[in-house]
Amino acid sequence: MGPSVNDHLREVRAALRVATAVSATLLLAAVGTRSATPETPVATARALVVLVHGFGAGPDCWDAAIPALGGPGVAVVTHRYTWTSSVETLGAQLADEVTDLARRSGARSVTLVGHSLGGVIVAASLAGGRLDGVVTRVVTVAAPLRGTRWAHLFPVGAVRDLRAGSPAVPAGIPWLAVASRADVVVDVHSAVPEGAETVVVDGVGHCGLLKDVDVLARIASAAVPAAVPARRERGVRTRRSSEPRVRCGTRPAAPALVVA
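Let us look at the structure shown here. (Residues numbered from 1 in each chain as written. Predicted model: local features only at pLDDT ≥ 70, side-chain atom pairs only at ≥ 80, totals over all residues. Heavy atoms only, no water.)

### Comments concerning the overall build of the protein chain
Moving on, step 1. Of regular secondary structure, the protein chain possesses six helices and nine strands.
Moving on, step 2. Within the protein chain, the proportion of its 260 residues that are buried is 50%.
Moving on, step 3. In the protein chain, 70% of the contacts between residues at least 6 apart in sequence involve partners at least 24 apart.
Moving on, step 4. Total accessible area computed for the protein chain in this model is approximately 12700 Å², and 55% of it derives from carbon and sulfur atoms. (Helix = DSSP H or I, 4+ residues; strand = E, 2+ residues; numbered from the N terminus. Buried < 20%, exposed > 50% of the residue type's maximum accessible area, 1.4 Å probe, protein only. Contact = heavy atoms within 4.5 Å. Areas by Shrake-Rupley, 256 points an atom, 1.4 Å probe, with all protein chains shown as cover.)

### What about the side chain of His53?
Moving on, step 1. Within the fold, His53 resides in the loop between β1 (47-52) and α2 (66-69).
Moving on, step 2. Side-chain polar atoms of His53 contact the backbone oxygen of Ala57, separated by 3.4 Å.
Moving on, step 3. What His53 contacts, discounting residues up to four positions off in sequence, is Gly58, Pro59, Cys61, Trp62, His79, Arg80, Tyr81, His115, Leu117 and Gly118. (Polar contact = N/O pair within 3.5 Å; in protein donor to acceptor, adjacent residues only side chain to side chain.)

### Things to note about the pattern of salt bridges
Moving on, step 1. Scanning all chains against the criterion turns up four salt bridges.
Moving on, step 2. Two residues, Asp100 and Arg104, come together in a salt bridge whose shortest N-O distance is 3.0 Å. Taken together, the residues Asp100 and Arg104, both in helix α3 (residues 87-105) and four residues apart, mark about one turn of the helix.
Moving on, step 3. A relative accessible area of 43% places Arg104 in the partly exposed class.
Moving on, step 4. With its nearest N and O atoms 2.7 Å apart, the salt bridge here joins Glu197 to Arg218. Taken together, the residues span a long stretch of sequence, with Glu197 in strand β6 (residues 197-202) and Arg218 in helix α6 (residues 213-223) at a distance of 21 residues.
Moving on, step 5. With relative accessibility at 9%, the residue Arg218 sits in the buried group.
Moving on, step 6. Because the salt bridges share partners, they merge into one network encompassing Asp100, Arg103 and Arg104. (Salt bridge = Lys/Arg side-chain N within 4 Å of Asp/Glu carboxyl O.)

### Observations concerning the environment of Val42
Moving on, step 1. Inspection of the secondary structure puts Val42 in the loop between α1 (5-31) and β1.
Moving on, step 2. Judged by its relative accessible area of 13%, Val42 is buried.
Moving on, step 3. For the pair formed by Val42 and Arg103, sequence separation is 61 residues and the distance between their alpha carbons is 10.0 Å.

### Concerning α6
Moving on, step 1. Burial analysis of α6 places nine of its eleven residues in the buried class, the great majority of the element.
Moving on, step 2. By the burial criterion, the buried members of α6 are Asp214, Val215, Leu216, Ala217, Arg218, Ile219, Ala220, Ala222 and Ala223.
Moving on, step 3. Measuring from the backbone nitrogen of Asp214 back to the side-chain oxygen at the start of α6 gives 3.0 Å, which picks out Asp212 as the cap.

Structural data, given as structure tokens:
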């Protein structure tokens, strides 16, 4: 049997939610003018964290994350790009910048953190071993690493490259992939590449992942090496489970994080 009327209505409602989420992201990017400045200068950093924003956004989308990631000896740098170029081009540009930052700092730890399209660009920057021996860990948040069916809504520039396909996680680089079951833009399957450690949350939207305190604490614990302690939110616990499930929220009693 072909699709029912209800199936079509669900598709339309989902498309409207995606359009609303993208419009909100573009609006926030348009009104935001501040850029983050790392507390620790790059030249004296023992650890570097490079943040790559998503489609239509900018460095300001990391405003809530930077305090959780920064600290003594840690330089947090935001990477800006123009999404009208291809993913391959943007990945090469990011690789060049990261290589330069690492050379200037001499940091022993370099972490790349990418949200949404930014996570795909992070994966592209690692292609061909360009950052072998430079990048020590990767965190992707709601990144359509296996592509997204919504790419056809705006087939321009880097968005056009979000076809189905899963990049291999480079051997030897710890990779944390964060996704949400409530994300109507990038589903869990697309956001989790094979071989990555995964954290899956409930009740947090595509852009809300960058503001949720529990999610940020988990990202910080993966992004900042133990030798340079990250700022951690109180009440966050981590336990092992056979189910890759996490419940995050802003309730008074913070629920447990479950890491696959």
